[in-house]
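If you want the building blocks of each chain, they are given just below.
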Amino acid sequence: MNEVLLEVDGLTVEYLSQTGSVKACADVSFTLHRGQILGVAGESGSGKSTLITALTRLQRPPAVTSAGRLVYHSSDGDKVDLLTLSERQLRAYRWSELAIVLQSAMDCLNPVMRLGDQFEDVLRYHDPQLTQRQAWERAEELVAMVGIGSDRLRSYPHELSGGMRQRSLIALALACDPDLIVMDEPTTAVDVVMQRQILAQLLQLQDRLGFAVVFVTHDLSLLLELADQIAIMYGGRIVELGSAREIYTAPKHPYTRGLRDSFPPLHGELTTMRGIPGSPPDLRTPPSGCAFHPRCADRLDACDQQIPLLRPVGRNDVACLLYEETP
Amino acid sequence: MTFWAALTFNFLIPRFMPGDPAATMLRRIQQLTGQAPTPDQIRSVRLFFGGARENLPAQYLHYLNDLVHFRFGLSLSEYPTPVSDLIAQALPWTLLLVGTTTIIAWIVGTALGAYMGWKPGSRFDAIFAPTTTFLHAIPTFWLSLVALWAFAFQLGWFPVSGAYDPDVPYQINNLWFLLSILKYGALPALTLIFIGFNGWLFTMRNVMVTTVSEDYVLLAKAKGLPTWRVLFKYAARNALLPNVTGLALAIGGILGGVLLTEVVFTYPGLGHRLYRATVDHDFPVMQTIFLLITLTVLIANLIADSIYVLLDPRTRDEA
Amino acid sequence: MLNGFLRNSKVRIGLGVFAAFLLLALLGPWFVSAVMHTTPRTIDYDALGQPPSAKHLLGTTLPGSDVLAQVIVGARGSVFVGITSAVLATVIAALVGVPSGFLGGRLDHGLTAFTNLFLTLPSFALTLIIAGYVQGAAWWVIALIIAAFEWPGGARTLRSQTMSLRGRDFTVAMRMLGESKTRLVFAEVMPHMTGIVSAMFLRACVAGVFAEAALSFLGIGTTGSVSWGTIISEAQGQSAILNGLWWWFVPPGLCIALLGTATALVNFGIDEISNPRLSAANRKLMKRFRRAARTAEPEVAR
Ligand SMILES: Nc1ncnc2c1ncn2[C@@H]1O[C@H](COP(=O)(O)OP(=O)(O)O)[C@@H](O)[C@H]1O
Ligand SMILES: [Mg+2]
């Protein structure tokens, strides 16, 4: 459990445009251990999807990873910075070590291929010895894990319900037994009942297979039940990082507090709910200093000048000037 | 439905011509052949323009009945050769030319377009995009003229007219005859392909640019599949669907281009026949060719539609 | 909206070329007689079928006419037929497409069936047949025939556009206020379609020029007047190819191609505006992006 799997260090992603660049991820650092679930929460536009695609080196133009390291620790002890690999070298890591579940399940399956074929091609590419028949058997096993009947493998994506598509994407991510699965809002497209069911299955599978997860969502309450560690993102930066329990019981950053209070807990009694006044920053013209300062109730004088760095405060890491002055 | 409309058009057009077209026509036949038309000829011309004996609905039924029995009448300029004979000679050549050039142009254009759309902004893309725009705007018949002048007359690489070597026995199982078809057909075919592929290239490129940013293509890349497989099985496979629909819509226009090209190269197909018939005012031939073209377009539509259904599973359930 | 279009360089170039040809069509005959002091039919007996020279910039035809003069005057013949047919085709397309999309119901069904029928008919062959019957017609008859088979594509586009506009908030609001349907169409729906209609018009224009050229080439176009198609047709008829008089048939074809390219440019420009991924500016950006990606990686590796 304490073996390191992925070290992210100073990851910065920019969107280039004619008028300049937008830093959608700035100086993001964290360490993920084997079998751990890291939740990433933040309002929409805070750079969560950008982070996910950068972690898997799937960012599309005009996004560019302009700085940072992504050190991946293989199970045989090798360490490699994913950012330095060529596309060809990277292919050895894709899916067999590092799989992804994307935000829009509806559009993630090739509409003109049968579901089973979309399993088969990745299975057989990563294990050329596999016969077609074995690949289909494996695919049957995989979809069975998420509660989909094997007859569904013969269906085309448009013949599947939204929940089925979402679950088959999770099954697909498991296909090559990866050590890390990154998931970008995997449950936003399905209803609440389906959402609970999928998450329960995911936890069960994770328990059994031991992969690590980076789970991105705008819904903090989900993470409180699911994640070991939680990172809170705001304006492209991690503003607080800590265990799920700490984030819930003792949030330090004013934004984390606001975020926690704006979601009702899934279990337990409903307390007063408060939203955060104001709206997320436009990253094309980011506020100076701490990106949150225009909305922050506990703002200090220096907040609009100095960008706070992530540093340990209690058991969490927090990026806020409130805690820098009284160390 | 369309075919019925075409039939009706065919029926109505000669009957609504102003003046006395039959008389004009007979005069022209006389000028053309230098002899007075025979009574038989006069009768067939009168009949063609409706005559005076029957009312319109009765004529219409008569006309449909003839068509059902494949009676297309007699040619006026090459009287009394049946129209069906003239057309039977011409049809295979046109089908050969249209079929091969359309398929090759479609494949070439779609493949190049897929490649350009895969990496928009590449040097290949930057050079090809404006060239294609220009090529696409060239009238086919004019390029045929230029090609004929340059490659057949100036350089002498290709024969200047015809579809086969007249000195070789006209036998389909004779290898030399087949080779001569290839030699004679090469220049018209190349011209048609050269113009034809550009349209496919452009639509394919633009659809591909959009398809490449679809999530399923991203996921295919995340799966670690080799680039060519992502390109073909995921991106291009989806992007070519509009080009299949396009094929059905374009086939009428393509036929138009082929007809003109045949005229330039004196290629003995329907276009050449139609041209001769128009010049000679041979209306029965013109009309039958028009019907045939409509039929060809409809059949091509049907084929394109069924290919589409084969390629896109989403349309299968609706049917 | 129009301003947005004009900011695109492709649209500007395309429209520029188009305007130049329009000017040529309007002023060409005057220019030929007043400045060049000749007519397209004037015969120079000293120069029969001569290649381009200082005296005849584009050479002469076999019977000794100046090719440049013919091409300039021919612009009028071609462009006028093109524009007339485009006006007619656009009007028919609007008359069929807009009510069909706006009113819906049984009328829509009928009009759509009608449009689809014309859409699948092989229009060129049909044009040819009809033009064949009325051989030697005046240029506006030719334009009319061409227009009769050119409108269906436009009608379909206009129908779907109208349908989407009808659903928008402002039209719904206006309808609630009790505006009459006719007023609504002219005051609210039509102005929003100027972009599409003008693109359609341009395309129809070039299609008309193409069709006229093809018909003239087959010798069944207009009689008497000169157009690019008749020049090519004459060249073909008088064995220009056999005699190697390329300067006779190359220029008119190039003019047609140039006009076609201009329209294509305008259309691509409009495509780029509606789908930014296709734009040339984006292409430049992609280049910058690749450069950035290349330099970023080694720096990251440290
Ligand atoms: N294609 C793009 N071009 C330019 N900027 C973008 C693009 N996509 C995202 N961004 C910027 O990146 C920020 C973060 O986007 P994203 O990662 O999708 O956020 P999230 O997933 O948290 O909602 C957005 O606020 C936006 O400013
Ligand atoms: Mg997102």
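Everything numeric here is computed off the predicted structure, so don't read it as measured data.

The number of helices and strands found in chain C is 13 helices and zero strands. In sequence order, chain C lays out its α and β elements as α-α-α-α-α-α-α-α-α-α-α-α-α. Per-residue burial over chain C gives 50% buried out of 302 residues. Looking at chain C alone, contacts between residues at least 24 apart form 71% of all its contacts between residues at least 6 apart. Carbon together with sulfur atoms contributes 66% to the accessible area of chain C, which is approximately 13600 Å² in total.

Residues and elements named next belong to chain A. A complete count under the given rule lists 18 salt bridges over all chains for this structure. Aspartate 9 is the partner of arginine 69 in a salt bridge, and the nearest nitrogen-oxygen pair spans 3.7 Å. Of this pair, arginine 69 sits in strand 4 (residues 63–73) while aspartate 9 sits in strand 1 (residues 4–17), placing them 60 residues apart in sequence. Glutamate 185 is the partner of lysine 48 in a salt bridge, and the nearest nitrogen-oxygen pair spans 3.8 Å. Residue lysine 48 is found in helix 1 (residues 48–55), and its partner glutamate 185 is found in the loop between strand 7 (180–184) and helix 7 (192–209); the two are separated by 137 residues along the sequence. Ionic contacts of the salt-bridge type, sharing partners, join the residues Glu3, Arg34 and Asp179 into one network.

Turning to the interface of chain C and chain B, a few remarks are in order. At the interface, 47 residues of chain C touch 48 residues of chain B. When the two sides are added together, the surface that chain C and chain B hide from each other amounts to roughly 4500 Å², 79% of it contributed by carbon and sulfur. Here chain C is connected to chain B by zero salt bridges. For the interface between chain C and chain B, the tally reads one residue pair in polar contact (both at pLDDT 80 or more).

Residue and element names in this part refer to chain A. If you walk across this open sheet you meet the eight strands as 6-7-8-3-9-10-12-11, and the pairing is mixed. The outermost strands of the open sheet, each flanked by one partner alone, are strand 6 (98–101) and strand 11 (311–313). Taken over all neighbouring pairs, the strand axes of this sheet differ in orientation by 20° on average, direction set aside. Pairing of strand 11 with strand 12 (residues 316–318), which is carried by three bridges, proceeds in the antiparallel orientation. Following the sheet pairing, valine 313 is matched in strand 12 by asparagine 316.

A contiguous nonpolar patch, built from C:Leu22, C:Leu23, C:Leu26, C:Leu27, C:Trp30, C:Phe31 and C:Val35 and spanning about 660 Å² of accessible area, is present on the exposed surface. Counting through the fold element by element, C:Leu26 comes out in helix 2 (residues 9–34).

Residues and elements named next belong to chain A. Around ligand 1 sit Tyr15, Ala24, Glu43, Ser44, Gly45, Ser46, Gly47, Lys48, Ser49, Thr50 and Leu283, and those are all the residues in its vicinity. At 2.6 Å from an oxygen atom of ligand 1 is found a side-chain nitrogen or oxygen belonging to serine 49. Here an oxygen atom of ligand 1 and a side-chain polar atom of threonine 50 are 2.4 Å apart. For ligand 1, whose accessible area on its own is 560 Å², the fraction buried by protein is 66%. Per-element tally for the shell around ligand 1: the top contributor is helix 1, with three residues. Its residues assigned to classes, the shell around ligand 1 shows three nonpolar, six polar and two charged.

Residue and element names in this part refer to chain C. Two elements in contact, helix 3 (residues 67–103) and helix 11 (residues 228–237), have axes separated by 7 Å at closest approach and are oriented at 125°. Considering the angle they form, helix 3 stands oblique to helix 11. Listed contacts from helix 11 to Gln70, Val71, Gly74, Ala75, Ser78 and Val79 of helix 3 are Trp228, Gly229, Ile231 and Glu234. Split into classes, the residues belonging to the contact of helix 3 with helix 11 amount to five nonpolar, four polar and one charged.

This brings us to the sheet that holds strand 5 (residues 79–81) of chain A. All names here are of chain A. Ordered in space as 2-1-4-5, the four strands form an open sheet in which the pairing is antiparallel. On the outer flanks of this sheet lie strand 2 (20–33) and strand 5, each paired with one strand and no other. Within this sheet the neighbouring strands show an average axis-to-axis angle of 5°, counted without direction. Sheet topology places strand 1 next to strand 4; eight bridges connect them, and they run antiparallel. Bridge pairing in strand 4 places leucine 6 opposite tyrosine 72. Here helix 1 sits on the sheet and contacts strand 1, strand 2 and strand 4; the angle it forms with strand 1, its principal contact strand, is near 120°.

Moving on, we get to the pairing of strand 7 of chain A. Residues and elements named next belong to chain A. Counting buried residues along strand 7, five of its five residues qualify, which places the element largely inside the surrounding structure. Where burial is concerned, the two faces of strand 7 agree: the one with Leu180, Val182 and Asp184 and the one with Ile181 and Met183 are both buried. Two strands pair when backbone bridges link them, and strand 6 and strand 7 are joined in this way by four bridges, in the parallel orientation. Looking at strand 7, one finds that leucine 98 is bridged to leucine 180. Across five bridges, strand 7 lies against strand 8 (residues 212–217) in parallel orientation. Of the residues in strand 8, the one forming a bridge with aspartate 184 is valine 216. For the segment spanning strand 7, helix 7 and strand 8, crossover handedness is right-handed.

In this section: the pairing of strand 10 (residues 237–243) of chain A. Residues and elements named next belong to chain A. With respect to burial, strand 10 is a largely interior element, five of its seven residues being buried. In the sheet, strand 9 (residues 229–234) pairs with strand 10 via six bridges, with the strands oriented antiparallel. Following the sheet pairing, glutamine 229 is matched in strand 10 by serine 243.

So, on to the UniProt feature "transmembrane region" (unreviewed entry) in chain C. All names here are of chain C. In this structure's numbering, the residues bearing the UniProt feature "transmembrane region" (unreviewed entry) are residues 79–98, 110–131, 137–158, 200–220 and 245–270. With 100% helix and 0% strand, residues 79–98 has end C-alpha atoms that lie 27 Å from one another. End C-alpha to end C-alpha, residues 200–220 measures 27 Å, and it is 86% helix and 0% strand.

Right, let's talk about the packing of aromatic side chains for a bit. On inspection of all chains with the given rule, the structure shows 16 aromatic pairs over all chains. Where B:Trp149 meets C:Phe249, the ring centres are 6.2 Å apart and the plane angle is 80°; that geometry is what we call edge-to-face. With B:Trp149 in helix 7 (residues 140–154) and C:Phe249 in helix 12 (residues 246–274), this pair bridges two chains. Just as B:Trp149 is buried, C:Phe249 falls in that class too.

Reading the values: rules and limits
Residues numbered from 1 in each chain as written. Chains lettered and ligands numbered in written order. Predicted model: local features only at pLDDT ≥ 70, side-chain atom pairs only at ≥ 80, totals over all residues. Heavy atoms only, no water. Helix = DSSP H or I, 4+ residues; strand = E, 2+ residues; numbered from the N terminus. Buried < 20%, exposed > 50% of the residue type's maximum accessible area, 1.4 Å probe, protein only. Contact = heavy atoms within 4.5 Å. Areas by Shrake-Rupley, 256 points an atom, 1.4 Å probe, with all protein chains shown as cover. Salt bridge = Lys/Arg side-chain N within 4 Å of Asp/Glu carboxyl O. Buried area = accessible area lost by both parts, 1.4 Å probe. Polar contact = N/O pair within 3.5 Å; in protein donor to acceptor, adjacent residues only side chain to side chain. Pairing = 2+ DSSP bridges. Axes fitted to C-alpha atoms, helices over the stretch in contact; angles between N-to-C directions. Patch = residues over 30% accessible without salt bridge, like charges linked within 9 Å, V, L, I, M, F, W, Y side chains within 5 Å. Near = heavy atom within 4 Å. Nonpolar A, V, L, I, M, F, W, Y, C, P; charged D, E, K, R; others polar. Parallel < 35°, antiparallel > 145°, perpendicular 65-115°, else oblique. Right-handed = clockwise from strand over helix to strand, strands pointing away. UniProt positions renumbered as here; feature names shortened; annotations may be inferred. Phe/Tyr/Trp six-rings, centres within 6.5 Å; stacked < 30°, edge-to-face > 60°.

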